[in-house]
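Here's the letter readout for the chains.
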Amino acid sequence: EIEFLEHNNSDMFQKIVYIHPKYEYVAYKFIDGETMNHVDDVNDTIQKLINITKTYINYEKGGFGYLNEETSSWSRFLKDETTYSSLNMKEHIPSKKIVNKCIETLEKYPFDKKLLHGDFGTHNFIQDNGNLVGVIDPMPVIGDSLYDLLFAVVSNVDILSSVSLEDLYNLVDEPQEKIKAMLTVVLYCRISRCLKYHPEDIDVYMDFWNKLTQ
């Protein structure tokens, strides 16, 4: 967490007040507000997500994936994440073939390695009067910043039910094929979390999945 926060310039992330010399704890400046369970202004929130991920700085250390648990490649990290996610998915998405194909597609596209938040979803966003004002609890990941941006977009049904695929293709200056492939991967992982933490939203996620993969 400390390395991520010290390596990032966005005003949205927690500010460190004190670090214990042996890293037994760290104190942050408190961010006033509440967890963003519902997204009132989807367009404003998405624009802020784009702005935040644009601040990510190149990170040349280590390999890929979770910081200090790096894998040899970005593809390996994505395969591990989707394999773990598949454990509770058989009833809804029996095969991982589409996801595996998307990971192969992503291998065609080079990217600047960044240090990502890694758990960049509305469950870690703080809002005040409906506005996104802060982001907490990083699980730093070394990889492609597009992963964090799309992970955030699919993290909440209010966003997912308000945007079209065309909207998402226009978010960033990246090839549509790459965006679709990354979106498929992060949505697959998010569906697994949905089934575990908020199964009442599964119909919204599966509807979007079917549109994306048809």
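Residues numbered from 1 in each chain as written. Predicted model: local features only at pLDDT ≥ 70, side-chain atom pairs only at ≥ 80, totals over all residues. Heavy atoms only, no water.

Let us now look at the sheet that holds strand 4 (residues 65–66). Here 3 strands make up an open sheet; going across it, the order is 4-8-5 and the pairing antiparallel. Only two strands of the sheet have a single neighbouring strand rather than two, namely strand 4 and strand 5 (114–116). Where strand 5 and strand 8 (residues 141–143) come together, 3 bridges link them in antiparallel fashion. The residue of strand 8 that forms the bridge with Leu115 is Ile142. (Pairing = 2+ DSSP bridges. Helix = DSSP H or I, 4+ residues; strand = E, 2+ residues; numbered from the N terminus.)

The subject of this paragraph is the pattern of salt bridges. Where charged atoms of side chains with opposite charge meet at close range, the side chains can pair. Scanning the model with the defined rule gives 8 salt bridges in all. Salt-bridge contacts for Lys61 lead to Glu3; the nearest nitrogen and oxygen are separated by 3.4 Å. Highlighted residues: Lys61 in the loop between helix 2 (42–54) and strand 4 and Glu3 in helix 1 (residues 2–6), separated in sequence by 58 residues. Look at Lys61 and you get exposed, because its relative accessible area is 53%. Residue Glu3 is classed as partly exposed on the basis of its relative accessible area of 29%. Note that Asp119 and Arg193 form a salt bridge whose closest N and O atoms lie 2.9 Å from each other. On the criterion of sequence distance, the pair formed by Asp119 in the loop between strand 5 and strand 6 (125–128) and Arg193 in helix 8 (residues 176–197) is long-range, its members being 74 residues apart. Taken together, the shared-partner salt bridges in this structure form one network comprising Asp144, Glu174 and Lys178. (Salt bridge = Lys/Arg side-chain N within 4 Å of Asp/Glu carboxyl O. Buried < 20%, exposed > 50% of the residue type's maximum accessible area, 1.4 Å probe, protein only.)

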